Amino acid sequence: MRELDEFEDGLIERFRNHPALRGVTELPQEDLQTVLLQRRFLSLAFTMAYDLAIDLLTDEQSKRIARVIIREEYPDNASPGSTPSHREDMMADILALGVPREALVRSRRSLATTACIDTTMELIATAGDSKHADVELLTILRFWGEVLVSVEYGELWRRIGPVLGDKSVFYYPHHVHDAKSRPLAAASPLSLTHSDQLGLRLVQLIDSSEARERFRETEQAVVAVKTAFYDQFLPTS
């Protein structure tokens, strides 16, 4: 597991240093708006990705963890229907950042964003047909849907944090509860973040050198998808 942690941490650092994320504090407001609105479409695809993976998982414990996570996206802490979903919270943060509602309403997925979503769903579907389906599917959910999301929002927070502060209802909370707070080698049932909850079960399922290789290759594929998404925001020469 220590070797897998080193491998994963290297991928995380490489992704964190993507020029579009590193340069977020220097972006003109209009360009930041474009990033946030396109990133919103990836977030809207989150539940679709989880639902597809749950359909394809064979390990019941993995399914239970994924079900709990996806249902947290639609809290209902008061009277039925009165609590906003996490997607609504995201919209609230975007509007609080000064993005006009008209811009949000008129936004459409770019070709690159659409390709990213389509490739992610294909990655999940292909993983479901693998000999190590549960390992690959959990790796995708954890790395695509949790670990790298926390990295993305952490980098974006350098720009949007001074504006939103403790009033953020989406970006900062997701940066915190999606994060990898423990190494895989130190996986514990006491961990509270989504990444660590999925990671604990993943560690239990990675039981061979072949499974470890599938973990590595799957994480590389996930980073490639996420990188392609942010490549669209780089200046063209």
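As a reminder, the structure under discussion sits directly above these lines.
If you're wondering where the values come from, they're calculated on a predicted model, not measured in any experiment.

Asker: How should the pattern of salt bridges be read in this particular structure?
Answerer: Pairs may arise between side chains of opposite charge once their charged atoms sit close together. Applying the stated criterion across every chain, the model contains 15 salt bridges. Notably, a salt bridge pairs R214 with E136, separated by 2.8 Å at the nearest N-O pair. Taken together, the residues span a long stretch of sequence, with R214 in helix α12 (residues 209-231) and E136 in helix α9 (residues 133-164) at a distance of 78 residues. Residue class for R214 comes out partly exposed when judged on its relative accessible area of 23%. In this structure E136 comes out as buried when scored by relative accessible area, which is 6%.

Asker: Honestly, the packing of aromatic side chains in this entry has me stumped. Any pointers?
Answerer: The geometry of two aromatic rings is summed up by the distance between their centres and the angle between their planes. A complete count under the given rule lists nine aromatic pairs for this structure. Between F15 and Y230, the aromatic rings sit 6.0 Å apart at their centres with planes inclined by 65°, giving edge-to-face as the arrangement. With F15 in helix α1 (residues 2-16) and Y230 in helix α12, the pair connects residues that are 215 residues apart, well separated along the chain. A relative accessible area of 1% means that F15 is categorised as buried. Under the relative-accessibility criterion, Y230 is labelled buried at 1%. Taken together through their ring pairs, the aromatic side chains of F15, F229, Y230 and F233 make up a single cluster. Across from the ring centre of F41, 5.7 Å away, lies the NZ or CZ of R40, which sits over that ring.

Asker: How should the side chain of R40 be read in this particular structure?
Answerer: Secondary-structure assignment places R40 in helix α3 (residues 29-44). Despite its burial, R40 remains without a salt bridge, the nearest opposite charge being carried by E88 at 11 Å. Those residues in contact with R40, other than ones at most four positions away along the chain, are M90, I94, L104 and S107.

Asker: Hey, could you run me through the packing of helix α8 (residues 111-127) against α12 in this one?
Answerer: Axis angle and axis distance: for two packed helices, these are the angle between their axes and the distance between the axes, and together they describe the pair. Relative orientation of the contacting elements α8 and α12 amounts to 165°, with a least axis distance of 9 Å. By the angle between their axes, α8 is roughly antiparallel relative to α12. The two elements α8 and α12 cross, and the hand of that crossing is left-handed. Every residue of α12 that contacts α8 at T113, C116, T119, T120 and L123 is listed here: A221, V222, V225 and F229. Looking at the contact of α8 with α12 residue by residue, the class counts come to six nonpolar, three polar and no charged.

Asker: Is there a simple way to think about the packing of α3 against α12 in this case?
Answerer: Orientation of α3 relative to α12, taken along the N-to-C sense of each, is 150°, at an axis distance of 11 Å. With respect to each other, α3 and α12 are oriented roughly antiparallel. Handedness of the α3/α12 crossing: right-handed. In contact with V35, Q38, R39 and L42 of α3, α12 contributes K226, F229 and Y230.

Cut-offs used in this document
- Residues numbered from 1 in each chain as written.
- Predicted model: local features only at pLDDT ≥ 70, side-chain atom pairs only at ≥ 80, totals over all residues.
- Heavy atoms only, no water.
- Salt bridge = Lys/Arg side-chain N within 4 Å of Asp/Glu carboxyl O.
- Helix = DSSP H or I, 4+ residues; strand = E, 2+ residues; numbered from the N terminus.
- Buried < 20%, exposed > 50% of the residue type's maximum accessible area, 1.4 Å probe, protein only.
- Phe/Tyr/Trp six-rings, centres within 6.5 Å; stacked < 30°, edge-to-face > 60°.
- Lys NZ or Arg CZ within 6 Å of the ring centre and 35° of its normal.
- Lys, Arg positive; Asp, Glu negative; His and termini not counted.
- Contact = heavy atoms within 4.5 Å.
- Axes fitted to C-alpha atoms, helices over the stretch in contact; angles between N-to-C directions.
- Parallel < 35°, antiparallel > 145°, perpendicular 65-115°, else oblique.
- Left-handed = near helix turned anticlockwise from the far one by under 90°.
- Nonpolar A, V, L, I, M, F, W, Y, C, P; charged D, E, K, R; others polar.

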